[in-house]
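Notes for the structure review
For reference, the chains in residue letters:
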Amino acid sequence: PLTGTMLNKQVILESLIVFIIVLCVHTVVWDRYSWCAIALAVQAFYVQFKWDRLLRLGGAVFQFRTTANSGLLPASMVIPLLGIVMKERCKAAGIVYFERFGIVVASTGMVVALFLSVIAVGITRPVPTNTCILSGIAGSIILYTMKYSLTVSEVIEVLEVLLIFVYLSMILLYLLPRCFTPGEALLVLGGISFILKQLIKRSLNVIEGRGDPVDLVLLVAVAGVVLLGIFFTALFFFMDSGTWTSSMFFHMMTAVLGLGVLMPWLYHLIRRNPLFWLLQFLVQTQTRVYLLVYWTLLAASACMVVLYQNSKRSSESKKHQASTITRKYFHFIVVATYIPGLIYDHQLLYIAAVLCLVVFILLEFIRYFRIKPFGQTLRHLLTLFLDERDSGPLILTHIYLLVGMSLPVWLFPRPCAPKGTLSGAGALVPYSGVLAVGVGDAIASIFGNTIGEIKWPGTKKTFEGTMTAIFAQIIAVALILIFDGRVNLNTSYAWILGSISLVSLLEAYTTQIDNLLLPLYLQILLMA
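Okay, so let's go over this structure. Keep in mind that this is a model prediction, so the values were computed, not measured.

Conventions and cut-offs
Residues numbered from 1 in each chain as written. Predicted model: local features only at pLDDT ≥ 70, side-chain atom pairs only at ≥ 80, totals over all residues. Heavy atoms only, no water. Helix = DSSP H or I, 4+ residues; strand = E, 2+ residues; numbered from the N terminus. Rg over C-alpha atoms; globule rule 2.2 N^0.38 Å. Buried < 20%, exposed > 50% of the residue type's maximum accessible area, 1.4 Å probe, protein only. Contact = heavy atoms within 4.5 Å. Areas by Shrake-Rupley, 256 points an atom, 1.4 Å probe, with all protein chains shown as cover. Lys, Arg positive; Asp, Glu negative; His and termini not counted. Charge placed at Lys NZ, Arg CZ, Asp CG, Glu CD. Phe/Tyr/Trp six-rings, centres within 6.5 Å; stacked < 30°, edge-to-face > 60°. Lys NZ or Arg CZ within 6 Å of the ring centre and 35° of its normal. Polar contact = N/O pair within 3.5 Å; in protein donor to acceptor, adjacent residues only side chain to side chain. Axes fitted to C-alpha atoms, helices over the stretch in contact; angles between N-to-C directions. Left-handed = near helix turned anticlockwise from the far one by under 90°. Salt bridge = Lys/Arg side-chain N within 4 Å of Asp/Glu carboxyl O. 1 Å grid on protein atoms, 1.4 Å probe; cavity = no way out; pocket = protein on both sides within 12 Å on 5 of 7 lines; lining within 4 Å. Points joined across faces, edges and corners; volume = space filled by probe spheres on them. Nonpolar A, V, L, I, M, F, W, Y, C, P; charged D, E, K, R; others polar. Expected span 1.5 Å × (residues − 1). Bend = angle between axes of the 7 residues up to and from the residue. Core = buried A, V, L, I, M, F, W, Y, C linked by side-chain atoms within 4.5 Å.

A few words on the overall build of the protein. The number of helices and strands found in the protein is 19 helices and 2 strands. Whereas a compact globule of 528 residues would reach a radius of gyration of roughly 24 Å, the protein reaches 23 Å, a difference of no more than 12%. With respect to the principal axes defined by its C-alpha atoms, the protein has extents near 55 × 55 × 55 Å. Put simply, the protein has 528 residues, and 55% of those count as buried. In the protein, the proportion of contacts linking residues at least 24 apart, taken out of those at least 6 apart, comes to 80%. Carbon and sulfur atoms form 72% of the exposed surface of the protein, whose accessible area is close to 23,600 Å². In the protein, 37 side chains carry a positive charge and 25 a negative one; their mean positions are 4 Å apart.

Put into structure tokens, the structure is as follows:
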């Protein structure tokens, strides 16, 4: 689809930005793990071209998204860098358990990324000797470091995650062709396999009771949704999913899995009735009830927007696509959802995001399998808001939007955060989703589409769009400072400005799903 030279320029610039981010983190952290991260980045840069060639020639094993480049470098750096900054944070707070946890996250990310690049090198013909040598060197550096910094049980954990990752990627990439690029597959499936592994570990040693029920809800929800999806896809492989009987079966099985498997599991993990705990949690304070009412109104308004657009479409013509501005309405609605939650009540936002994710994925199942009462109408309503990035059978961008906004809230290492006022750039960490996606991305696309003249070399994104995005994010930071009394930035303004501009530049150059990448990178930079 895109011309080779233009794409190469774009890939090199994108890699350059990611490299600068890695170097920033490295200068702050400066230990053997960050040297490993640099080695990994160098080899991922080379392997990325091999993946691109495989995708162009159709030599990759599975079907990937065709409109984007492979995006191996940005994706493979996310998990190791997250682990590294998390380890630094918890080391400063003096919590050993989470420091070890950060190290495990980092090494897991490195191993999985190495695995992907080794696969790419292995299925390229003729065998690329230089890239092989580079991958070998990076792999040996990483394995050497792991040998001297991990205990045996931690090594076993890392290998378990790798195993789950291999199986999951085989199943899911076979079932969902053209939904991911290799980089996104690495991010999404790596995250899911890590969650499953944590869940298994928590279920086996419950005695500690260390787990906050809030965290466990996320783990169980993700595991349940993945199991449900694999089960139904395998089932509807053999029977027609459009009929009433299979729809009844779908609803029955969802209820059985939810109430009969996940509820007892949660009960086993948190030692209380999950439903009662949830109800008590939701109405604990006055502000929570207010927030819930406010969110219900927002959700209703979002539904109104969809229906209004649809009526407009049916009256005008069949081919009416929602404009970018209409699509970005949702970004603003999401920002309006998240900011009060972030200011008043983190825990509630956490739970609400998990529940919302589950609902979204269930709706996606219903739409994809055309389950009876709502499947067809959902299919009709959502084709309006299709992005050019949803070429596969699943519509994923709205799920990515939700996940990108919530990831900073989910990944915020609460035990390592100093109590009371949050100081420094780290105070903005929970807001990184709102800043990067809700404000930055939306403003960039709106202004870039309306007034953009000067294009960045090699892309469709414009200079004005990026500038306005950076500006808007700075304004948003100022507003957060005014409204959220707990945030105190001290002297780290230059660092914040730098990280915002870096992430906005990355938004201009990347062809991956930016809803997923940008919040993670902003969070990494702010935490470092």
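Our focus in this paragraph is the packing of aromatic side chains. Evaluation of the coordinates by the stated rule reveals 17 aromatic pairs. Centroid distance Phe45 to Phe49: 5.3 Å. Interplanar angle 80°. Geometry classified as edge-to-face. Pair noted here: Phe45 and Phe49 are both in helix α2 (residues 32–57), with a separation of 4 residues, about one helical turn. Given the relative accessible area of 21%, Phe45 is considered partly exposed. Given a relative accessible area of 25%, Phe49 falls into the partly exposed group. Through a chain of ring-to-ring contacts, three or more aromatic side chains come together here, namely Phe231, Phe232, Phe236, Phe250, Phe365, Tyr368 and Phe369. A cation over a ring is seen here: Arg288 above Phe281, with NZ or CZ 4.3 Å from the ring centre.

With that settled, consider the environment of Glu14. Following the sequence through the fold, Glu14 ends up in helix α1 (residues 4–29). Sequence separation between Glu14 and Glu507 is 493 residues, and the spatial gap between their C-alpha atoms is 9.0 Å. For Glu14, the residues in contact, after removing those within four places along its chain, are Gln48, Asn69, Pro74, Leu506, Tyr509, Thr510, Thr511 and Gln512. In this structure the side chain of Glu14 is engaged in a polar contact, spanning 3.5 Å, whose partner is the side chain of Asn69.

Helix α17 (residues 463–483) packs onto helix α16 (residues 432–451) with a crossing angle of 145° between their chain directions and a minimal axis gap of 7 Å. Seen from above, α16 lies across α17 with right-handed handedness. Side by side, α16 and α17 meet where Leu435, Ala436, Val439, Gly440, Ile443, Ala444, Phe447, Gly448 and Ile451 of the first sit next to Glu464, Gly465, Thr468, Ala469, Ala472, Gln473, Ala476 and Val477 of the second.

Looking now at the pattern of salt bridges. Considering all chains together, one arrives at 9 salt bridges under this definition. Asp31 is paired through a salt bridge with Lys87; the nearest N and O atoms lie 2.7 Å apart. Of this pair, Asp31 sits in the loop between α1 and α2 while Lys87 sits in helix α3 (residues 72–93), and the two are 56 residues apart along the sequence. Across this residue pair, the class does not change: Asp31 and Lys87 are buried. A salt bridge links Glu154 to Arg100; its shortest N-O distance comes to 2.9 Å. Of the two residues, Glu154 sits in helix α6 (residues 152–175) while Arg100 sits in helix α4 (residues 96–123), which places them 54 residues apart along the sequence. Classification of Glu154 as buried rests on a relative accessible area of 9%. One connected set of salt bridges, linked through shared partners, spans Asp31, Lys87 and Glu88.

Glancing now at the layout of surface pockets. Taken as a whole, the second largest pocket spans an internal volume of roughly 1,400 Å³. Every residue lining the second largest pocket is counted, 41 residues in all, and those nearest its centre are Ala302, Phe330, Cys356, Phe360 and His398. Sorting the residues of the lining of the second largest pocket by element identifies α11 (286–316), α12 (324–344), α13 (346–369), α14 (372–382) and α15 (397–411) as the ones contributing at least two each. Counting residues per element, the lining of the second largest pocket draws most heavily on α13, which supplies 10 residues. Taken together, the residues of the lining of the second largest pocket break down into 29 nonpolar, 6 polar and 6 charged.

The next subject is α2. Counted at 1.5 Å a residue, the expected span for α2 with its 26 residues is 38 Å, and the 38 Å between its end C-alpha atoms agrees. At Phe45, α2 is deflected by roughly 25°, the largest bend along its length. Of the residues flanking the end of α2, it is Gly58, one or two places downstream, whose phi is positive at about 75°.

Contact pair helix α7 (residues 182–204) / helix α8 (residues 213–236): the axes reach a minimum separation of 9 Å and the direction vectors enclose 120°. The way α7 lies across α8 gives a crossing that is left-handed. Here Ile192, Ile195, Leu196, Gln198, Leu199 and Arg202 of α7 come into contact with α8, specifically with Leu216, Leu219, Val220, Val222, Ala223 and Val226. The residue inventory of the contact of α7 with α8, partitioned by class, reads 10 nonpolar, 1 polar and 1 charged.

Okay, the nonpolar core next. In this structure, Trp51, Met77 and Tyr521 are the most contacted members of the largest nonpolar core, which totals 161 residues. With 15 residues, the top contributor of residues to this core is α8.

In this section: the side chain of Thr510. Looking at the secondary structure, you find Thr510 in the loop between α18 (493–509) and α19 (514–527). Under the relative-accessibility criterion, Thr510 is labelled buried at 7%. Here the side chain of Thr510 touches Glu14 through a polar contact of 2.9 Å, side chain to side chain. Not counting chain neighbours up to four residues away, the residues in contact with Thr510 comprise Gln10, Glu14, Lys461 and Leu517.

Nothing here speaks to function; it is geometry throughout.
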